[in-house]
Amino acid sequence: MKTQVAIIGAGPAGLLLGQLLQRSGIDNVVVERRSRDYVLSRIRAGVLEQGTIDLLRAAGVSARMDREGIVHHGFELALEARRERIDLSGPTGGRAVMVYGQTEVTRDLMAARDAAGGASVYEADDVALHSLESEQPFVEFNRDGERERLECDYIAGCDGYHGVSRASIPAGVLREYERVYPFGWLGVLSDTPPVSEELIYARHARGFALCSMRSATRSRYYLQVPDTEQVANWSDERFWDELRRRLPEDVAAALITGPTIEKSIAPLRSFVVEPMQYGRLFLAGDAAHIVPPTGAKGLNLAAGDVGLLASLLKQANDEGSGLPLQRYSERVLRRVWKAERFSWWMTSMLHTFPDEDGFTRRIREAELDYLLGSAAGRATIAENYAGLPMQQ
Ligand code: APR
Ligand code: PHB
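Here is a short report on the structure shown in this document. (Residues numbered from 1 in each chain as written. Chains lettered and ligands numbered in written order. Predicted model: local features only at pLDDT ≥ 70, side-chain atom pairs only at ≥ 80, totals over all residues. Heavy atoms only, no water.)

What to know about the overall build of the protein
Link 1 in the chain: Broken down by element type, the protein carries 12 helices and 20 strands.
Link 2 in the chain: Taken over C-alpha atoms, the radius of gyration comes to 21 Å for the protein, in line with the 21 Å a tight globule of 392 residues would show.
Link 3 in the chain: Principal axes of the C-alpha set define a box for the protein whose edges measure 60 × 40 × 40 Å.
Link 4 in the chain: Of all intrachain contacts in the protein linking residues separated by at least 6 positions in sequence, the fraction that spans at least 24 positions is 71%. (Helix = DSSP H or I, 4+ residues; strand = E, 2+ residues; numbered from the N terminus. Rg over C-alpha atoms; globule rule 2.2 N^0.38 Å. Contact = heavy atoms within 4.5 Å.)

Examining the packing of aromatic side chains
Link 1 in the chain: Under the criterion given, the structure shown has 15 aromatic pairs.
Link 2 in the chain: When the centroid spacing of 6.0 Å and the interplanar angle of 25° are considered together, the rings of Tyr-181 and Phe-183 count as stacked. Here Tyr-181 matches Phe-183 in class, with each residue buried.
Link 3 in the chain: For the ring pair Tyr-201 and Phe-208, a centre distance of 6.3 Å and an interplane angle of 40° mean the geometry is tilted.
Link 4 in the chain: Of the residues examined, Phe-208 reaches a relative accessible area of 0% and is grouped as buried.
Link 5 in the chain: By the ring-pair criterion, three or more aromatic residues cluster together here, those being Phe-75, Trp-185, Tyr-201, Phe-208, Tyr-222 and Tyr-385.
Link 6 in the chain: Residue placement shows Arg-238 over the ring face of Trp-234; its charged tip is 3.7 Å from the ring centre. (Phe/Tyr/Trp six-rings, centres within 6.5 Å; stacked < 30°, edge-to-face > 60°. Buried < 20%, exposed > 50% of the residue type's maximum accessible area, 1.4 Å probe, protein only. Lys NZ or Arg CZ within 6 Å of the ring centre and 35° of its normal.)

Focus: the pairing of strand S2 (residues 28-31)
Link 1 in the chain: Side chains Asn-28 and Val-30 project from S2 onto one buried face, and the interleaved Val-29 and Val-31 project onto a second face that is buried too.
Link 2 in the chain: Inspection of the sheet shows strand S1 (residues 5-8) paired to S2 by 4 bridges, in the parallel sense. Among the inter-strand pairings, Ile-7 is bridged to a residue of S2, identified as Val-30.
Link 3 in the chain: Running through helix H1 (residues 12-23), the crossover from S1 to the neighbouring parallel element S2 is right-handed.
Link 4 in the chain: Note that S2 and strand S8 (residues 119-121) share 3 bridges and pair parallel. Looking across to S8, one finds that Val-31 is bridged to Val-121. (Pairing = 2+ DSSP bridges. Right-handed = clockwise from strand over helix to strand, strands pointing away.)

Observations regarding the site of ligand 2
Link 1 in the chain: In the vicinity of ligand 2 there are 14 residues, among which Tyr-201, Ser-212, Arg-214, Tyr-222 and Pro-293 approach most closely.
Link 2 in the chain: The backbone of Ala-296 places a nitrogen or oxygen atom 3.5 Å from an oxygen atom of ligand 2.
Link 3 in the chain: Of all the elements in the fold, those that place two or more residues in the shell around ligand 2 are strand S15 (209-213) and strand S16 (219-226).
Link 4 in the chain: For the shell around ligand 2, a count of residues per class yields 9 nonpolar, 3 polar and 2 charged. (Near = heavy atom within 4 Å. Polar contact = N/O pair within 3.5 Å; in protein donor to acceptor, adjacent residues only side chain to side chain. Nonpolar A, V, L, I, M, F, W, Y, C, P; charged D, E, K, R; others polar.)

Some words on unusual backbone geometry
Link 1 in the chain: Note the cis peptide between Glu-274 and Pro-275, where omega equals -10°.
Link 2 in the chain: With respect to the helices, strands and loops of the structure, Pro-275 is situated in the loop between strand S17 (260-274) and strand S18 (277-278).
Link 3 in the chain: Backbone geometry at Ser-131 places phi at a positive 50°, although glycine is not the residue there.
Link 4 in the chain: As for its placement among the helices and strands, Ser-131 is situated in the loop between strand S9 (125-130) and strand S10 (138-143).
Link 5 in the chain: Phi at Asp-144 is positive, roughly 50°, even though this residue is not glycine.

A word on the pairing of strand S12 (residues 154-157)
Link 1 in the chain: Residues Tyr-154 and Ala-156 line one face of S12 and the alternating positions Ile-155 and Gly-157 line the opposite face, and both faces are buried.
Link 2 in the chain: Alignment of S1 against S12, held across 4 bridges, turns out to be parallel. From the neighbouring strand, Ala-6 faces S12, where its bridge partner is Ile-155.
Link 3 in the chain: Pairing of S12 with strand S19 (residues 281-283) involves 3 bridges; the strand directions are parallel. Residue Gly-157 lies in a different strand from S19, and its bridge partner there is Leu-283.

Considering the site of ligand 1
Link 1 in the chain: Of all residues adjacent to ligand 1, which total 24 residues, the nearest are Glu-32, Arg-42, Arg-44, Gln-102 and Asp-286.
Link 2 in the chain: Within the backbone of Pro-12, a nitrogen or oxygen atom sits 3.3 Å from an oxygen atom of ligand 1.
Link 3 in the chain: Gln-102 is positioned such that a nitrogen or oxygen atom in its side chain is 2.6 Å from an oxygen atom of ligand 1.
Link 4 in the chain: In the complex, 90% of the free accessible area of ligand 1, which totals 710 Å², lies under the protein chains.
Link 5 in the chain: Taken together, the elements giving at least two residues each to the shell around ligand 1 come down to H1 and helix H9 (298-319). (Areas by Shrake-Rupley, 256 points an atom, 1.4 Å probe, with all protein chains shown as cover.)

A word on the side chain of His-351
Link 1 in the chain: Relative to the elements of secondary structure, His-351 occurs in the loop between helix H10 (328-350) and helix H11 (358-372).
Link 2 in the chain: In terms of polar contacts, His-351 uses its side chain to reach the side chain of Trp-185, at 3.0 Å.
Link 3 in the chain: Once you skip the residues sitting within four places of it in the chain, His-351 turns out to touch Phe-183, Trp-185, Phe-208, Gln-224, Leu-268, Thr-294 and Arg-364.

Regarding helix H5 (residues 102-116)
Link 1 in the chain: When the terminal C-alpha atoms of H5 are compared, their 21 Å separation across 15 residues agrees well with the 21 Å that a helix rising 1.5 Å per residue should span.
Link 2 in the chain: Taken residue by residue, H5 has Gln-102, Thr-103, Val-105, Thr-106, Asp-108, Leu-109, Met-110, Ala-112 and Arg-113 as its buried positions.
Link 3 in the chain: Looking one or two residues beyond H5, the residue adopting positive phi is Gly-117, at roughly 70°. (Expected span 1.5 Å × (residues − 1).)

Let's talk about the sheet that holds S18
The pairing of strands in a sheet happens through backbone hydrogen bonds and is either parallel or antiparallel.
Link 1 in the chain: If you trace the 6 strands from one edge of the open sheet to the other, you get S8-S2-S1-S12-S19-S18, paired in mixed fashion. Every other strand in the sheet has two partners, leaving S8 and S18 as the edge strands with one partner each.
Link 2 in the chain: Of the strands in this sheet, S1, S2 and S12 are in contact with H1, which crosses S1 at around 160°. (Axes fitted to C-alpha atoms, helices over the stretch in contact; angles between N-to-C directions.)

Structural notes on the nonpolar core
Link 1 in the chain: Of all hydrophobic cores here, the largest spans 76 residues; its most connected members are Leu-16, Leu-17, Leu-48, Val-139, Ile-155 and Tyr-328.
Link 2 in the chain: Residue contributions to this core peak at 11 residues, all from H9.
Link 3 in the chain: Core analysis: the second largest hydrophobic core is formed by 31 residues, Tyr-201, Phe-208, Leu-371 and Tyr-385 among them. (Core = buried A, V, L, I, M, F, W, Y, C linked by side-chain atoms within 4.5 Å.)

Put into structure tokens, the structure is as follows:
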């Protein structure tokens, strides 16, 4: 097999890149380790920035999102009993975010790829990348027990944090930056109406909580838990009780509970590798960076990466030169680091840290109090949450 761009991974990063390239007339093949059903069974965050919405529209995959997605012009911060609304649109010239599940984005991208006749290999075993420094890199994998070879001009590593792409770069090339937080998020999904029209991020002495949603009838809630915690310790009843305790009284009183249909714990981590390229391999999405979910930036960062990568690949194709791609990493990392900063900051402001002393806690509370009392402070939060410009 031969193609122009081999895309490793059929998460949102790989599938959106494939769709953008398809529309630019650049041939590509997606190679994914798991089955389609497995990919579609993963439950992930659900807040799309304006720039991501625009990119999905430009990629021609927005019809269902525009019908079913819920536009939010603000969100709430709950600090113990105090409730503060952050207006997103006023300070940002009308930007907004949309609540639409990442799983649905993935489903729409898969459908568009099928309709366009894009080649995909699911359940590809033992994917291996070769000759990355040469002008003829290639990918090998097992399909139905046979070893196959895919020759290409470029490889896009969109295979997530545990993927093979980043691991294929020789030791000593990449610098890694990491922060691991001493807690995780216990998340539940339930077929109950959301407690509030907008998302509520709650700071509380017992730990952080988040009230989110997927639709008018489906809610998503999270609780900060120690990183050693087990899902098995959390009955539905215990979850709802703890959530109520961390929310302002009026919100807790309005909470409608019911059986949960999913319950899982995700660790929190900040992680970046530099550079995001090596020879003819370009990393995008979780393969290159992880953010804690607090700022809802994971999917949006992945979209920003592949938006830039797709336009540089098109430029390289038009000019018949790989030169435009040489600056991919440098350009994309500017936005990545700003989103890393915001996600780290929002995590630091809203969670309780086990070993924190009283002074640090008071400084943190004062910082948030100061920002909320200042138009510039509120604008800073709004601008970052609604999303910084895509291409820089
Ligand atoms: N070979 C082929 N495919 C692989 C391999 C491999 N060795 N390893 C992993 N994959 C696949 C995974 O099965 C997955 O489908 O790569 C895909 C990566 O998808 P995601 O993990 O969803 O990552 P990405 O597309 O970068 O999306 C970023 O996902 O984790 C969230 O918060 C994150 O919202 C962000 C988004
Ligand atoms: C979610 O709905 O899953 C969600 C929303 C906002 C976040 C993180 C997760 O910051």
